[in-house]
Amino acid sequence: MQGRPPTTPRLVNKHTGTHRASWVPAAFWLTLEFGAIPSGNASHRDSGNRPSCVSCPQAALNAPAPEGSFRLLQWSGPETTVSPRSVYDGEEHGRFMEKLETRIRNHDREIEKMCNFHYQGFVDSITELLKVRGEAQKLKNQVTDTNRKLQHEGKELVIAMEELKQCRLQQRNISATVDKLMLCLPVLEMYSKLRDQMKTKRHYPALKTLEHLEHTYLPQVSHYRFCKVMVDNIPKLREEIKDVSMSDLKDFLESIRKHSDKIGETAMKQAQQQRNLDNIVLQQPRIGSKRKSKKDAYTIFDTEIESTSPKSEQDSGILDVEDEEDDEEVPGAQDLVDFSPVYRCLHIYSVLGARETFENYYRKQRRKQARLVLQPPSNMHETLDGYRKYFNQIVGFFVVEDHILHTTQGLVNRAYIDELWEMALSKTIAALRTHSSYCSDPNLVLDLKNLIVLFADTLQVYGFPVNQLFDMLLEIRDQYSETLLKKWAGIFRNILDSDNYSPIPVTSEEMYTKVIGQFPFQDTELEKQPFPKKFPFSEFVPKVYNQIKEFIYACLKFSEDLHLSSTEVDDMIRKSTNLLLTRTLSNSLQNVIKRKNIGLTELVQIIINTTHLEKSCKYLEEFITNITNVLPETVHTTKLYGTTTFKDARHAAEEEIYTNLNQKIDQFLQLADYDWMTGDLGNKASDYLVDLIAFLRSTFAVFTHLPGKVAQTACMSACKHLATSLMQLLLEAEVRQLTLGALQQFNLDVRECEQFARSGPVPGFQEDTLQLAFIDLRQLLDLFIQWDWSTYLADYGQPSCKYLRVNPVTALTLLEKMKDTSRKNNMFAQFRKNERDKQKLIDTVAKQLRGLISSHHS
């Protein structure tokens with residue numbers, strides 16, 4: 001093979017790239033290629049220094065032949081490419097075929113030489129292979145036998161190994177299962193715990209468990225199908241927790257609304273106890289005494305909550321608290337009310353990111369409840385229990401809200417509480433103004449005031465401003481004063497109606513001391529008198545005096561706990577007392593005085609009584625000063641108007657005495673029966689006038705206890721009225737005619753009156769002062785009886801005139817009546833000279849009187 005010529009051709013299939021063996025006929029190849037490869041190019045030779053296939057890429061690139069053509073490569077000449085069409089179309093077809101045959105023959109020779117050259121080696125190789133085949137067969141048999149024995153011997157081992165493999169596999173699976181179960185067990189335990197918490201309504205721990213389950217445990221085993229089911233159920237569980245907690249909150253709110261009055265009652269009782277304790281401390285040395293803080297107000301409640309519905313209370317958070325003794329500490333608001341539903345729901349909504357929704361819902365519901373609580377019942381004004389229940393509900397509402405404010409962060413804030421309180425304050429004040437106006441019982445108004453003060457003090461402990469409530473109490477104070485005045489008007493009326501208007505008789509020292517203890521009266525002369533003796537006043541004086549003091553006490557009761565200064569209390573009491581004196585008592589006295597059936601004796605006693613009551617006003621001033629500790633000399637101190645009241649009543653009684661006397665006189669005058677046409681001359685006064693004078697004497701004898709001026713005025717008024725009435729009786733139009741005899745009888749009556757005036761029925765008059773009441777009648781009667789017209793007409797108008805008080809008109813009227821009588825009774829007087837002269841004189845006097853009257857008018 002080393003002697004192989006370098007020009008050995010190789011046939012290459014153009015389409016498949018495979019090499020054809022040297023013994024393959026050249027006719028099977030589509031293309032014949034000859035490579036002229038220089039011997040110096042080592043890269044184109046094989047390991048035997050043989051030229052490589054001429055179809056190498058480089059050769060192909062150096063001489064690419066078109067498809068459908070063949071190339072003829074020569075060793076020494078240039079490459080000649082002959083197109084098939086040119087061979088068949090041209091004249092070189094024969095030449096081409098000759099060259100091709102020659103070429104084929106050359107190749108065949110080369111192939112034959114090559115085969116001959118390698119044949120011996122091939123034979124040797126075949127011989128060796130045959131030897132190797134026998135040995136290989138033996139080896140195969142040995143290997144097969146050995147394999148058979150090995151298989152037989154290792155069969156048990158294989159079985160054991162297979163079992164071991166299975167065991168190992170099971171062990172690995174078990175270990176993996178245990179590991180997976182260890183991951184799943186906490187998830188299952190947490191889910192079971194979650195279900196238990198849901199079943200026992202422990203929603204907030206359930207929500208916490210759900211959070212741990214979702215974020216800590218489920219992500220570790222999320223590829224399991226049951227975990228996917230759990231993950232899908234988590235939103236539903238959240239909504240279930242949310243709904244259940246909201247349902248608990250609704251139950252809590254509903255129960256709180258129903259039981260707020262019990263909570264408020266407890267808080268107000270505790271405030272009352274605290275106030276009583278403060279009052280006790282104020283009366284004792286103030287050592288280490290401090291007002292309990294607001295925190296104590298939460299923890300010290302005295303309650304009497306009755307168990308009406310244990311199930312509802314347990315569900316809603318209202319605890320059943322047994323009655324406690326007054327001196328024992330009782331649970332506070334957080335013990336009386338289970339606020340856990342609110343806290344749970346708040347925490348649950350906070351964790352779920354819906355805190356704002358919860359806050360808005362809670363505030364909205366509480367606002368609705370506040371409006372319901374602040375709506376007073378229509379009959380609240382009828383009893384104190386109606387007001388108490390109304391206040392208890394309001395206090396209970398705000399105690400709960402205040403506790404929520406201090407035990408939660410942001411569920412309610414101070415602005416929200418203040419807004420609710422402003423609304424509650426305005427509605428409460430409006431309701432109290434409306435309903436208190438219906439109260440006519442001062443005791444109910446006083447109890448209402450005490451209840452409002454307790455209501456205000458209770459809420460003030462919790463930090464709510466209550467100044468407007470105390471301002472409203474000042475308005476109720478005016479109403480209270482009005483109801484007191486109405487009540488005392490009835491009391492005074494009963495006292496005055498039941499009084500006998502007689503001096504109080506006393507028969508022993510004990511009775512005397514009792515009266516002196518009821519009314520401040522000092523009289524040395526009366527003390528020296530032996531028993532039995534009489535006070536100058538009647539029973540209504542000490543009774544009225546004591547009732548005035550009771551009224552002052554009633555006013556003082558209302559001013560308690562109103563946080564007023566002593567000056568304000570003093571001013572309030574004095575103003576109310578002044579109203580009592582100037583309006584109520586004054587009206588009562590005026591009504592008694594103006595009564596139709598009142599007698600002179602009663603009127604005299606009223607004057608005496610009012611005189612002593614007027615003197616007692618200074619003791620009332622001292623009484624008010626003692627209970628208010630405000631001196632009357634203090635600036636702006638209101639003075640009592642009792643003196644004016646009793647003076648006015650006394651003056652009214654005096655006027656009524658005057659009027660009553662005049663009426664009695666008129667009644668006697670109605671009995672007068674004068675015979676104006678009589679010609680007989682009487683020798684005594686008329687019977688009616690004698691009776692009238694006797695009545696006046698007995699009446700004025702009763703006036704001994706009256707002030708001197710009152711008796712004198714009454715006597716003078718009676719005499720003047722009597723004189724005026726007699727004058728009117730003489731001059732009245734119904735008396736058309738009268739005789740001189742009638743004037744003589746009338747003159748006897750006037751003399752009787754003058755005799756009465758001279759006798760001094762009432763001491764204190766100067767001589768002849770009382771007779772001046774009859775001076776007009778005396779001068780008129782003297783003028784007619786004495787027929788002294790010349791003097792009258794001559795001296796008329798002069799200060800020293802004897803008949804100065806005779807009016808020409810009056811004289812003319814009376815003269816006309818006498819003239820008509822003379823003409824009628826003396827039909828034949830004109831035939832007598834004396835009668836004619838007298839008639840002419842009357843006409844002349846009448847003419848002159850008319851002249852005086854006309855000149856006077858001009």
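Residues numbered from 1 in each chain as written. Predicted model: local features only at pLDDT ≥ 70, side-chain atom pairs only at ≥ 80, totals over all residues. Heavy atoms only, no water.

Caption draft 1: Structural detail: the overall build of the protein chain. Broken down by element type, the protein chain carries 29 helices and four strands. When burial is assessed residue by residue, the protein chain has 41% of its 858 residues classed as buried. Residue pairs in contact within the protein chain that sit at least 24 positions apart in sequence constitute 74% of those at least 6 positions apart. Accessible area of the protein chain: about 48600 Å², with a carbon and sulfur share of 52%. (Helix = DSSP H or I, 4+ residues; strand = E, 2+ residues; numbered from the N terminus. Buried < 20%, exposed > 50% of the residue type's maximum accessible area, 1.4 Å probe, protein only. Contact = heavy atoms within 4.5 Å. Areas by Shrake-Rupley, 256 points an atom, 1.4 Å probe, with all protein chains shown as cover.)

Caption draft 2: Spatial organisation of the environment of E214. Considering the arrangement of structural elements, one finds E214 in helix α5 (residues 203-217). The class of E214 is partly exposed, set by a relative accessible area of 26%. For the pair formed by E214 and I234, sequence separation is 20 residues and the distance between their alpha carbons is 7.7 Å. For E214, the contacting residues outside a window of four places in its chain are P219, I234 and R238.

Caption draft 3: Layout of a positive patch on the surface. Residues K364, K368, R371 and K427 make up a contiguous surface patch of positive charge. Per element, the largest residue contribution to the positive patch is three residues, and it comes from helix α11 (residues 355-373). Structurally, R371 is set in helix α11. On the basis of relative accessibility, which here comes to 45%, the residue R371 falls in the partly exposed class. (Patch = residues over 30% accessible without salt bridge, like charges linked within 9 Å, V, L, I, M, F, W, Y side chains within 5 Å. Salt bridge = Lys/Arg side-chain N within 4 Å of Asp/Glu carboxyl O. Lys, Arg positive; Asp, Glu negative; His and termini not counted. Charge placed at Lys NZ, Arg CZ, Asp CG, Glu CD.)

Caption draft 4: Inspection of the packing of helix α12 (residues 384-407) against helix α14 (residues 442-461) at higher detail. For the pair α12 and α14, the least separation of the axes is 10 Å and the interaxial angle reads 5°. What the angle tells us is that α12 and α14 run roughly parallel. For the pair α12 and α14, the contacting residues are L384, Y387, R388, F391, I394, V395 and F398 in the first and L444, D447, L448, L451, I452, F455, T458 and L459 in the second. Here the contact of α12 with α14 is composed, by residue class, of twelve nonpolar, one polar and two charged. (Axes fitted to C-alpha atoms, helices over the stretch in contact; angles between N-to-C directions. Parallel < 35°, antiparallel > 145°, perpendicular 65-115°, else oblique. Nonpolar A, V, L, I, M, F, W, Y, C, P; charged D, E, K, R; others polar.)

Caption draft 5: Representation of the packing of aromatic side chains in the model. Taken as a whole and judged by the stated rule, the model has 34 aromatic pairs. Ring centres of F391 and F455 lie 4.6 Å apart, and the angle between their planes is 25°; on these two criteria the pair is classed as stacked. A residue pair is termed long-range when its members are at least 10 positions apart, and F391 in helix α12 and F455 in helix α14 qualify at 64 residues. A centroid spacing of 5.3 Å and a plane angle of 45° characterise the contact between W421 and F464, whose relative ring orientation is tilted. Separated by 43 residues along the polypeptide, W421 in helix α13 (residues 414-436) and F464 in the loop between α14 and α15 (467-498) bring together distant segments of the chain. By relative accessible area, which is 2% here, W421 ends up buried. (Phe/Tyr/Trp six-rings, centres within 6.5 Å; stacked < 30°, edge-to-face > 60°.)

Caption draft 6: A look at α14. For α14, which comprises 20 residues, the first-to-last C-alpha distance of 29 Å matches the rise-based estimate of 28 Å (1.5 Å per residue) to within 8%. Of all 20 residues in α14, 15 are buried, a share of seventy percent or more. Its side-chain oxygen 3.1 Å from the backbone nitrogen of N443, D441 forms the N-cap of α14. Remark: G463 follows α14 within two positions and exhibits a positive phi of approximately 90°. (Expected span 1.5 Å × (residues − 1). Polar contact = N/O pair within 3.5 Å; in protein donor to acceptor, adjacent residues only side chain to side chain.)

Caption draft 7: Examining the state of the cysteines more closely. Summed over the entire model, instances satisfying the criterion amount to zero disulfides. Of all cysteine sulfurs in the structure, the one in C184 sits closest to C227, which takes part in no disulfide; the separation is 5.6 Å. Considering cysteine sulfurs only, C719 is the nearest to C715, which forms no disulfide, with 4.4 Å between them. (Disulfide = S-S within 2.5 Å.)

Caption draft 8: Region of interest: the environment of F695. Note on placement: F695 falls in helix α23 (residues 687-702). Linking F695 and L661, residues 34 residues apart in sequence, is a C-alpha distance of 9.9 Å. Those residues in contact with F695 that sit more than four places away from it in its chain are L600, L661, K664 and F668.

Caption draft 9: Looking closely at the nonpolar core. Membership of the largest hydrophobic core comes to 186 residues, with the highest contact counts inside it found for F391, I657, L661, F700 and F746. Counting residues in each nonpolar core, the second largest holds 18 residues, with L207, I234, I241 and I348 among its members. (Core = buried A, V, L, I, M, F, W, Y, C linked by side-chain atoms within 4.5 Å.)

Caption draft 10: Local environment of the confidence of the model for the protein chain. Scored by pLDDT, the protein chain comes out at a mean of 78, with 80% of its residues at no less than 70. Of the regions scoring below 50 in pLDDT, residues 1-79 engages in 110 contacts with residues more than four places distant in sequence or in other chains. When the criterion is pLDDT under 50, residues 826-831 qualifies, and its contacts beyond four places in sequence or with other chains add up to five contacts. (pLDDT = per-residue confidence, 0-100.)

Caption draft 11: A look at the side chain of E754. Within the secondary structure, E754 is located in helix α25 (residues 740-758). The class of E754 is buried, set by a relative accessible area of 9%.

Caption draft 12: Region of the structure containing unusual backbone geometry. Here the bond from F531 into P532 is cis, since omega is -5°, no more than 30 degrees from zero. In this fold, P532 is placed in the loop between α17 (524-528) and β4 (533-534). Of note, the phi angle at D561 is positive, near 65°, even though the residue is not glycine. For D561, a relative accessible area of 35% gives the class partly exposed.

Caption draft 13: A nonpolar patch on the surface, seen in detail. On the surface, I174, V178, L181, M182, L185 and L188 cluster together into a nonpolar patch covering about 540 Å² of accessible area. Along the chain, L181 falls in helix α4 (residues 155-199). With relative accessibility at 46%, the residue L181 sits in the partly exposed group.

Caption draft 14: Looking closely at the environment of A718. Along the chain, A718 falls in helix α24 (residues 708-731). Each C-alpha atom, one on A718 and one on T659, is 9.0 Å from the other, the two residues being 59 residues apart in sequence. Among residues more than four places away in sequence, those in contact with A718 are L661, N662, I665, L696 and F700.

Caption draft 15: Spatial organisation of the pattern of salt bridges. One pass over the structure, following the stated rule, counts 25 salt bridges. Put simply, R388 and D385 hold a salt bridge, and the shortest N to O gap is 2.7 Å. Taken together, the positions of R388 and D385, both in helix α12 and three residues apart, correspond to about one turn of that helix. Take R388: its relative accessible area is 32%, and that puts it in the partly exposed class. On the accessibility criterion, D385 (53% relative accessible area) is exposed.

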